[in-house]
Amino acid sequence: MDNSPTEAEQYERIRTRVFRSSDEAVRVVAASIARLIRERQEEGRNAVLGLATGSTPLKLYRELIRLHREEGLSFRSVVTFNLDEYYGLPPQHPESYRQFMEVQLFKHVDIPTANIHVPDGMVSRLGVFECCLAYERKIGDAGGVDVQLLGIGRTGHIGFNEPGSAIESRTRMVALDRLTRRDAARDFRGEANVPEYAITMGVGTILQARELTLLAWGESKASILRAAIEGPQTDTVPASFLQRHSNCRCYIDEAAASELTRFRSPWKVGPVKWAPLTVRKAVVSLASDLKKAVLRLRDEDYAENGLAPLLVETGSTYSLNIRIFNELQHTITGWPGGKPNADDTNRPVPAEPPIKRVLVFSPEPLDAEIGMAGTLHRLVRQRHEVSLAYLTSGSLSVPDAEARMAFSLLHELGVSQPDSLARLGALAEETEKKAPFDEDSPELRRFKGLIRKAEARASCQILGLNLERVRFLDLAFYEQGRYRQFRWGPDDVKSIAALICLVQPHQIYLTGAGADPSSIAGIAFQLGSAALRTCTSEPWFPNCQIWFYASNERPWPPHEIDMAVPLSPAELAIKLDCLYHHRSQRSQTPFTETQAGEGWQQAEQINRETAQHYDRLGLAEYEAIESFRVHKESAVHTRLR
Ligand code: F6R
């Protein structure tokens, strides 16, 4: 097989394979690991695997377990070395990486315990250096790592080698970056509970493996992957050092690949077919890069930036500029449910029927509010029948401190029945006895779910929603699991499909299409899509528009937006008030610079950025904009694209 890069890959300094879905990618990676294990077994030798934790390798581990169960792949001769471990967590701690590996892989296969190595998170401070040296020695004694699996953090870390890590760094103790701790806050129910230190293999240790396999899914990884794969080698993006390795491969899905040059600006890597969307993308990218309004782009701007072929294809610069300006202009609407009695030829939403049944799905409480609170508010004010369904209870992300506040309130109120008081007392005692990130009893989870319902109702009232149309599906998959351990099934799909059929909506709003498939938003998207597939023969379906709303993962550039709903300063203030009512989700850390990263602040920033982007392109200047994309299956799809 020819291994040299193709023309499309010319900007990439690490060989990268892009897959339509993470499922396809993990099948390929698992098959290659299985091949290695079997070859080694035939030679009577061990296979040495370097393993990673986090969301990214979850599906790969499930596939390896399947190969073990269904295709007889044995792990008897496999030796493993994990990349890292939180400092201060004992191996049996539910959030330790040793425990993660046990639950996600080891206990399901026949690997001997003696072959498993994870850095010791409990070694005394004085013993850390010696312990790290010993870890490196053990890797050497095992013959070195054959294949090292890697994920990438949003800081560009590999293992826990945060920005600033040297290329020669070895196994050592490190302080975790703020962004990394914030990303782990969910698992630990609050950033304050996330350990501050970890022990990690160094970049130099990782680079010694004979083969490196980096996996990444979802649009939240797109920009850091671009920096790692196409950018310069620098310790500000430690993953960029992987470019030094002669046998490193990235296996990523389309959402994670979206910022690579071959997808972001395909015209730079070779001839392209100028489909309408590619044209829009090229013009918007050119205007954005040159910081010029679309209508001010000149012939030489196109010519000097590799876009002369586009002009040949489309005629004059003037008509091309006007065309794209109009297309962008037509995405903007203050009438997300359609403008009654108006000409809707160029509007993203038809005028009829004037009153629409709208069904919005929120993976957890707060997601729909982050993506589309302003639009929800408009839809309600414009008299549409808006139903909002929260798919999961969201109980897993309620810190104990919030539950304690509610206990105290109820206590003061003097809950009348003695047995209620006793139950409340038992719950309060549970929060006192357990560590903040220990697993909750089902009763405590239910209680925390009630807190999120109360917050959600309060925020819905701010938006003017009729509470009778606000539903909490409490999907079973979420109630049985922990983050990263969810298994969903037909019952979850049925609950969603039943609600869709009950409402018979004219519009459905979903999110999560570009999310990590193991995240709640990613799972919610898969469930929602499966539910929609069961509805396609319903009589109302052909007239139903299906929209995606954006999350906080990445601001969508205007060429990716099919409907842009502007928010006035007053509407933005209402949105923020609504988000702020989800108080259990606010940071527990009092006023520090980390607050800039809170969900409600990110949402505000993204909505403002989108508005500024439209403004820079020469369109009207709004305070903020919420973004929507049309679903390919949707009735409006052909009308818009
Ligand atoms: C985990 C590790 C980390 C993760 C990275 C991505 O052992 O070493 O580098 O791979 O933080 O995490 P996820 O996969 O959760 O996005």
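In what follows, the accompanying structure is described. Computed from a predicted model, the values in this text were never measured in an experiment. (Residues numbered from 1 in each chain as written. Predicted model: local features only at pLDDT ≥ 70, side-chain atom pairs only at ≥ 80, totals over all residues. Heavy atoms only, no water.)

1. Observations regarding the pattern of salt bridges
Scanning the model with the defined rule gives 43 salt bridges in all. Residue R40 pairs with E43 through a salt bridge whose shortest N-O separation is 3.9 Å. Placement of the pair is R40 and E43 together in helix α1 (residues 22-43), with a separation of three residues, close to one helical turn. Exposure remark for E43: the relative accessible area of 47% places this residue in the partly exposed category. Salt bridges here are not isolated pairs; linked through shared partners, they connect E219, E259, R264, R554, E560 and R629. (Salt bridge = Lys/Arg side-chain N within 4 Å of Asp/Glu carboxyl O. Helix = DSSP H or I, 4+ residues; strand = E, 2+ residues; numbered from the N terminus. Buried < 20%, exposed > 50% of the residue type's maximum accessible area, 1.4 Å probe, protein only.)

2. Here we look at the sheet that holds strand β7 (residues 172-175)
Strand pairing in a sheet relies on backbone hydrogen bonds. The paired strands run either parallel or antiparallel. Taking strand neighbours across the sheet as the criterion, the three strands line up as β4-β8-β7 in an open arrangement whose pairing is antiparallel. Each having just a single partner strand, β4 (84-86) and β7 make up the two edges of the open sheet. On average, each strand axis in the sheet is inclined to that of its neighbour by 30°, with strand direction left out of account. As judged from the three bridges shared by β4 and strand β8 (residues 197-200), these two strands associate in the antiparallel manner. (Pairing = 2+ DSSP bridges. Axes fitted to C-alpha atoms, helices over the stretch in contact; angles between N-to-C directions.)

3. Overview of the packing of helix α2 (residues 58-71) against helix α3 (residues 97-104)
Here α2 crosses α3 at 45°, and the two axes come no closer than 10 Å. Between α2 and α3, the interaxial angle falls into the category oblique. Only F100, M101 and Q104 of α3 make contact with α2, whose side of the interface consists of L58, Y61, R62 and I65. Of the residues contributing to the contact of α2 with α3, the split by class is five nonpolar, one polar and one charged. (Parallel < 35°, antiparallel > 145°, perpendicular 65-115°, else oblique. Contact = heavy atoms within 4.5 Å. Nonpolar A, V, L, I, M, F, W, Y, C, P; charged D, E, K, R; others polar.)

4. Things to note about the pairing of strand β12 (residues 385-390)
In regular strands, side chains alternate between the two faces of the sheet. For β12, the tally of buried residues reaches five of six residues, placing the bulk of the element in the interior. Here six bridges tie strand β11 (residues 357-362) to β12, and the two strands are oriented parallel to one another. In the strand pairing of β12, R357 is matched with E385. Between the parallel elements β11 and β12, the chain passes through helix α14 (residues 367-381) in a crossover that is right-handed. Here β12 runs beside strand β13 (residues 470-472); their pairing, made up of three bridges, is parallel. Following the sheet pairing, A389 is matched in β13 by R471. (Right-handed = clockwise from strand over helix to strand, strands pointing away.)

5. Description of the side chain of E12
Along the chain, the position of E12 falls in the segment before β1 (15-19). On the basis of relative accessible area, E12 is assigned to the buried category, the value being 10%. Engagement of the side chain of E12 in a polar contact is seen with the side chain of R262, the distance being 2.7 Å. Excluding residues that lie within four positions of it along the chain, E12 makes contacts with I229, E230, L260 and R262. (Polar contact = N/O pair within 3.5 Å; in protein donor to acceptor, adjacent residues only side chain to side chain.)

6. Some thoughts on the site of the ligand
Around the ligand there are 14 residues in total, and T53, T56, D84, H157 and K221 lie nearest to it. R484 is positioned with one of its side-chain polar atoms (N or O) 3.0 Å from an oxygen atom of the ligand. For the ligand, the protein covers 89% of the area, taking 410 Å² as the surface of the free molecule. Looking at the shell around the ligand, its residues break down into three nonpolar, eight polar and three charged. (Near = heavy atom within 4 Å. Areas by Shrake-Rupley, 256 points an atom, 1.4 Å probe, with all protein chains shown as cover.)

7. Points about the nonpolar core
V283, Y302, L310, F361 and I500 are the most contacted members of the largest nonpolar core, which totals 60 residues. No other element matches the eight residues that helix α20 (residues 520-533) contributes to this core. Apart from residues lying up to four places away in sequence, F361 is in contact with A389, L391, I496, L499, I500, I508, Y509, L510 and Y549. (Core = buried A, V, L, I, M, F, W, Y, C linked by side-chain atoms within 4.5 Å.)

8. Re α2
Over its 14 residues, α2 extends 19 Å from the first C-alpha to the last, a length consistent with the 20 Å expected when each residue adds 1.5 Å. Among the residues making up α2, those that are buried are L58, K59, L60, Y61, E63, L64, I65, L67 and H68. Immediately downstream of α2, the backbone of G72 shows phi near 65°, a positive value. (Expected span 1.5 Å × (residues − 1).)

9. Things to note about the environment of H117
Looking at the secondary structure, you find H117 in strand β5 (residues 116-117). For H117, a relative accessible area of 16% puts it in the buried group. Taking the C-alpha atoms as reference points, H117 and G50, 67 residues apart in sequence, are found 9.4 Å from one another.

10. Describing the sheet that holds β5
Read from one edge of the open sheet, seven strands run β1-β10-β9-β6-β2-β3-β5, paired in parallel fashion. Of all strands in the sheet, those with a lone pairing partner are β1 and β5, marking the two edges. By the bridge criterion, five bridges tie β1 to strand β10 (residues 248-253) in an arrangement that is parallel. In the sheet register, R17 faces β10, and the bridge partner there is Y251. Across the sheet, helix α4 (residues 128-141) is in contact with β3 (78-82) and β5; its angle to β3 comes to roughly 150°.

11. What to know about the packing of aromatic side chains
Counting across every chain of the model gives 17 aromatic pairs. Ring geometry for F477 versus F486: centroids 5.5 Å apart, planes at 85°, classification edge-to-face. Summarising the burial analysis for this pair, F477 and F486 share the class buried. Three or more aromatic residues joined by ring pairs make a cluster, and in this case those are Y86, Y97, F100, F160 and F188. Here R586 stacks its cationic end above the ring of Y580, 3.8 Å away from the centre of that ring. When the ring centre of W556 is taken as origin, the NZ or CZ atom of R629, which lies over that ring, is 3.8 Å away. (Phe/Tyr/Trp six-rings, centres within 6.5 Å; stacked < 30°, edge-to-face > 60°. Lys NZ or Arg CZ within 6 Å of the ring centre and 35° of its normal.)

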